[in-house]
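Observations on the model geometry
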Amino acid sequence: MSKVMLITGASRGIGAATARLAAARGYALCLNYHQQQAAADALVAEITQGGGQAIAVQADVADESQVLHLFAQLDRHFGRLDVLVNNAGMLETQMPLEQMDLARWQRVFATNVFGSFLCAREAIRRMSTAHGGQGGSIVNLSSAAARLGAPGEYIDYAAAKGAIDSMTLGLAKEVAAEGIRVNAVRPGVIDTAIHASGGEPARVARVSQSVPMGRGGLAEEVAEAILWLAGAQASYTSGALLDVSGGR
Ligand code: NDP
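Now for a description of the structure that goes with this document. (Residues numbered from 1 in each chain as written. Predicted model: local features only at pLDDT ≥ 70, side-chain atom pairs only at ≥ 80, totals over all residues. Heavy atoms only, no water.)

**With respect to the packing of aromatic side chains**
- Under the criterion given, the structure shown has one aromatic pair.
- Taking 5.5 Å as the distance between ring centres and 75° as the angle between the ring planes, the aromatic pair formed by Tyr154 and Tyr157 counts as edge-to-face.
- Owing to a relative accessible area of 3%, Tyr154 belongs among the buried residues under this scheme.
- On the basis of relative accessibility, which here comes to 10%, the residue Tyr157 falls in the buried class. (Phe/Tyr/Trp six-rings, centres within 6.5 Å; stacked < 30°, edge-to-face > 60°. Buried < 20%, exposed > 50% of the residue type's maximum accessible area, 1.4 Å probe, protein only.)

Shown next, in the form of structure tokens:
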């Protein structure tokens, strides 16, 4: 039976690249999306036409009832879970902290932090050997911003990713004896649409000059790291924060 991977925010960017690579490696996929149903449906069609298994499930990961619905759909279609990729994430318009308001911070933390916590909790309840599960792994999407701080751009987003690093370190220890590994990937500047949502579509080109390798990364390059941490090749790796940032 195929291993089952749930990827949040899989309609585009790093999540979609991870889905394509995971399908090629034989995973059955539960692909969560938030708003872009057409993109998620097209990805499911692409994977199934290639002989893979995938379903798309709409859910806002920041909403507990919607996360419960997402996992109920996963249970109904696949009846098991081997890997959770906590990929759904967002940022808001670049600005200094002094101009930000509380409502923005609540949105940024709700999706990036609480969404990952909610999905991790539901995954553990299914994967933990303490609950009769088979074990598994969780890969969180942090960011190089967690250690760089994103001054003048989005310190709130950087701090949210810092929380993901702390969660990864603690949870890895908490569930290690229950057969679950927990790791994080910290991408640098990767060429996806997330930068446009921060108000600077060309951010990758600008920031590339400060990357030792001299370029931004591709979503496919991050997907390779996610798939490695997710699978048996990383069987003794837990609590790792893996930088995929071109040396930055
Ligand atoms: P994109 O903006 O390209 O895609 C974001 C994805 O997350 C979409 O599939 C979107 O769904 C989904 N999403 C957003 N909010 C929610 C929500 N509330 N509930 C469910 N899904 C949601 O982002 P990237 O691919 O660039 O980023 C993926 C992850 O990698 C994020 O966690 C990001 O913070 C992190 N990262 C990205 C970097 C980069 O340079 N690109 C660098 C470091 C980290 P929909 O399309 O349906 O709206």
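Alright, that's what it looks like, and here's the rest.
**Here's the deal with the sheet that holds strand β3 (residues 54–58)**
- A sheet is described by the order of its strands in space; here seven strands give the open sequence β3-β2-β1-β4-β5-β6-β7, paired in parallel fashion. The outermost strands of the open sheet, each flanked by one partner alone, are β3 and β7 (241–244). The mean inter-strand angle of the sheet, taken between neighbouring strand axes irrespective of direction, is 20°.
- As defined by bridge partners, strand β4 (residues 83–86) adjoins strand β5 (residues 136–141) across four bridges and the pair is classed as parallel. Bridge pairing in β5 places Val85 opposite Val139.
- Along the sheet, helix α2 (residues 37–49) contacts β2 (28–33) and β3; its crossing angle with β3, the most-contacted strand, is approximately 170°.
- Across the sheet, helix α3 (residues 64–78) touches β1 (4–7), β2 and β3, and the angle it forms with β3 is around 160°. (Pairing = 2+ DSSP bridges. Helix = DSSP H or I, 4+ residues; strand = E, 2+ residues; numbered from the N terminus. Axes fitted to C-alpha atoms, helices over the stretch in contact; angles between N-to-C directions. Contact = heavy atoms within 4.5 Å.)

**Focus on the packing of helix α4 (residues 102–127) against helix α6 (residues 155–175)**
- For the pair α4 and α6, the least separation of the axes is 9 Å and the interaxial angle reads 15°. In terms of their interaxial angle, α4 and α6 are classed as roughly parallel. Every pair of crossing elements has a handedness; the one defined by α4 and α6 is right-handed. Within the contact between the two elements, α4 uses Arg104, Trp105, Val108, Phe109, Asn112, Val113, Ser116, Phe117, Ala120 and Ile124 and α6 uses Asp156, Tyr157, Ala159, Ala160, Lys161, Ala163, Ile164, Met167, Leu171 and Val175.
- Residues that form the contact of α4 with α6 fall into these classes: 15 nonpolar, two polar and three charged. (Parallel < 35°, antiparallel > 145°, perpendicular 65-115°, else oblique. Left-handed = near helix turned anticlockwise from the far one by under 90°. Nonpolar A, V, L, I, M, F, W, Y, C, P; charged D, E, K, R; others polar.)

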